Amino acid sequence: MNYERIKEKLEILADAAKYDVSCSSSGSKRQNKNKGLGDSSGMGICHTYTEDGRCVSLLKILLTNVCIFDCAYCVTRKSNDIKRAAFTVQEVVDLTINFYRRNYIEGLFLSSGIFKSPDATMERLIRVAKKLREEENFNGYIHLKSIPGASDELMQEAGLYADRLSVNIEIPTKEGLKLLAPDKDHKDFIKPMKAVQNSIQIYKSEKKLIKNTPIYAPAGQSTQMIVGATGESDRDIMYSANFFYNKFQMKRVYYSGYIPVANDSRLPAIGTEVPMMRENRLYQTDWLLRFYGFNIQEILNESHLNLDMDIDPKLSWALRNLDQFPVDINKADKRMIARVPGIGMKSVGKILSARRYRKLNWEHLKAIGISMNRSKYFLTCNSREFETRDLTSAKIKSLIMLNSKSKYRKNFNYQLNLFS
Ligand code: SF4
């Protein structure tokens, strides 16, 4: 093995993989100074969460950054003048096993540019996973990219070796995709998702009848959307995410702020990155839709196309719907308690079980751990004080901001007018 060449390939192909956030985080670069302990280089170790909630570190690389497509938003696009490299199947297998034995990683996240054809690329990704499982007896976590346009047969095979499969939808709307990746067809993304979803269902039902049926993609499938490359609203993005959750039972949809990588009139200019807060707000909304019983129209609609940056989406919804408050914490149902800003689902559970034994007051709620700064304007409990009185939503918002650590608090004038 030529170690220098492998190291060079690793630098190129781990760096190219960092734009994919469908496995949660990327590696860092920190040099060992003063004979300290450890040394991390920027070469593709990332973390993700398994089905049982464990955090695992993964080797995150591309098989190759050679690509026959020219998607305007991607550094790997064929027209981009960058250093290209490709691993052989055996090189990826060796790297994974070596890193694993040294305890650097617990698994592999393998993606790729599309060389020759979607099937040729998918077939090579599968060979890596198959070799790891069958020849190296590797039982670590494997996340494989599903290549848009790959055949159903290959997708069916991929799930026999990978824990998770993901195909990145990339641009949330069909129109945006047409504009930035005219060679790609929306159907090419849907096809592998459908194949994976069908296989998951088939293998699950077979398993009930035949015990030794192999497990198929036990960690399911996920997808990623690039946010801010085209002018789509947050409402467009969340509708698109909702479609993939419902239609293909996605485990996760990831939202990745577009990093301008090209001077192209179709794209935002270099240096105008999407604020991290927009990603955060989308993840919070995603959470509200999946776990808090909200529907999209309540949070994003014709008169509210984009999420507020200065306050979280639940607080924003509550301020626009003051007629639904205050909620009596000792009587309200689970759904309404979950809608009170500052109360998370864990606290909802604690409130429901605690109120079986006593009427809850402010002290009890504080002990449960709810955020009083945000919740106190929206609820009543077994105490006399009720903070909302006749406050308007603008006043409540400014009072909450006054006591928050939000970087947006400086935008508020906390001096309340006598007559406002
Ligand atoms: S097909 Fe994938 S790797 Fe190739 S240019 Fe498009 S987004 Fe990039």
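The following paragraphs examine the structure supplied in this document. (Residues numbered from 1 in each chain as written. Predicted model: local features only at pLDDT ≥ 70, side-chain atom pairs only at ≥ 80, totals over all residues. Heavy atoms only, no water.)

Another aspect to go through is the site of the ligand. Around the ligand lies a shell formed by Cys67, Phe69, Cys71, Tyr73, Cys74, Thr76, Arg77, Gly113, Ile114 and Lys184. Looking at the shell around the ligand residue by residue, the classes come out as six nonpolar, two polar and two charged. (Near = heavy atom within 4 Å. Nonpolar A, V, L, I, M, F, W, Y, C, P; charged D, E, K, R; others polar.)

Attention now goes to the packing of aromatic side chains. Following the criterion strictly, the structure yields eleven aromatic pairs and no others. Aromatic pair Phe99 and Tyr104: ring centres 5.4 Å apart, planes at 75 degrees, arrangement edge-to-face. We classify Tyr104 as partly exposed; its relative accessible area is 45%. Centroid distance Tyr100 to Phe138: 5.1 Å. Interplanar angle 80 degrees. Geometry classified as edge-to-face. In this pair, Tyr100 is assigned in helix H2 (residues 89-101) and Phe138 in the loop between helix H3 (118-135) and strand E4 (141-145), connecting sequence segments 38 residues apart. Chaining the aromatic ring pairs together yields one cluster made of Phe294, Trp317, Phe325 and Phe378. The ring centre of Tyr254 lies 4.8 Å from the NZ or CZ of Arg252, which sits over that ring. (Phe/Tyr/Trp six-rings, centres within 6.5 Å; stacked < 30°, edge-to-face > 60°. Buried < 20%, exposed > 50% of the residue type's maximum accessible area, 1.4 Å probe, protein only. Helix = DSSP H or I, 4+ residues; strand = E, 2+ residues; numbered from the N terminus. Lys NZ or Arg CZ within 6 Å of the ring centre and 35° of its normal.)

A separate point is helix H1 (residues 3-17). A rise of 1.5 Å per residue sets the reference length of H1, with its 15 residues, at 21 Å; its end C-alpha atoms lie 20 Å apart and thus fit the reference within 8%. Every buried residue belonging to H1 is among Ile6, Lys9, Leu10, Ile12, Leu13, Ala14, Ala16 and Ala17, and all of these are buried. Taken together, the buried residues of H1 touch strand E2 (55-62) and H2. (Expected span 1.5 Å × (residues − 1). Contact = heavy atoms within 4.5 Å.)

With that settled, the discussion passes to unusual backbone geometry. In this model, Phe325 is joined to Pro326 through a cis peptide bond whose omega is 5 degrees. Its place among the elements puts Pro326 in the loop between helix H10 (313-320) and strand E8 (327-328). Of note in the backbone geometry, Lys116 takes a positive phi value of approximately 55 degrees without being a glycine. With respect to the secondary-structure elements, Lys116 resides in the loop between strand E3 (107-111) and H3. What makes Lys116 exposed here is its relative accessible area of 67%. For Asn137, which is not glycine, the phi dihedral falls at a positive 55 degrees. Residue placement: Asn137 occurs in the loop between H3 and E4.

Quick look at the nonpolar core now. Counting residues in hydrophobic clusters, the biggest one holds 119 residues, and the most contacted among them are Tyr73, Leu365 and Phe378. Listed in part, the five residues of the second largest apolar core include Leu58, Phe109, Tyr141 and Ala219. (Core = buried A, V, L, I, M, F, W, Y, C linked by side-chain atoms within 4.5 Å.)

With that settled, consider H10. Quick reminder: α-helices carry 3.6 residues per turn. Residues three or four places apart thus point the same way. For H10, the tally of buried residues reaches seven of eight residues, placing the bulk of the element in the interior. For H10, the full list of buried residues reads Pro313, Lys314, Leu315, Ser316, Trp317, Ala318 and Leu319. Considering only its buried residues, H10 is in contact with helix H8 (276-291), helix H9 (296-299), helix H14 (372-375) and helix H15 (393-402). Its side-chain oxygen placed 3.1 Å from the backbone nitrogen of Lys314, Asp312 serves as the N-cap of H10. (Polar contact = N/O pair within 3.5 Å; in protein donor to acceptor, adjacent residues only side chain to side chain.)

The next thing to look at is the pattern of salt bridges. By the definition in use, this model includes 15 salt bridges. Across the pair Glu135 and Lys131 runs a salt bridge whose closest N-O atoms are separated by 3.2 Å. With Glu135 and Lys131 both in helix H3 and four residues apart, the pair spans about one turn of that helix. Assessed through its relative accessible area of 23%, Lys131 is described here as partly exposed. Linked by salt bridges that have partners in common, Arg5, Glu8 and Lys83 make up one network. (Salt bridge = Lys/Arg side-chain N within 4 Å of Asp/Glu carboxyl O.)

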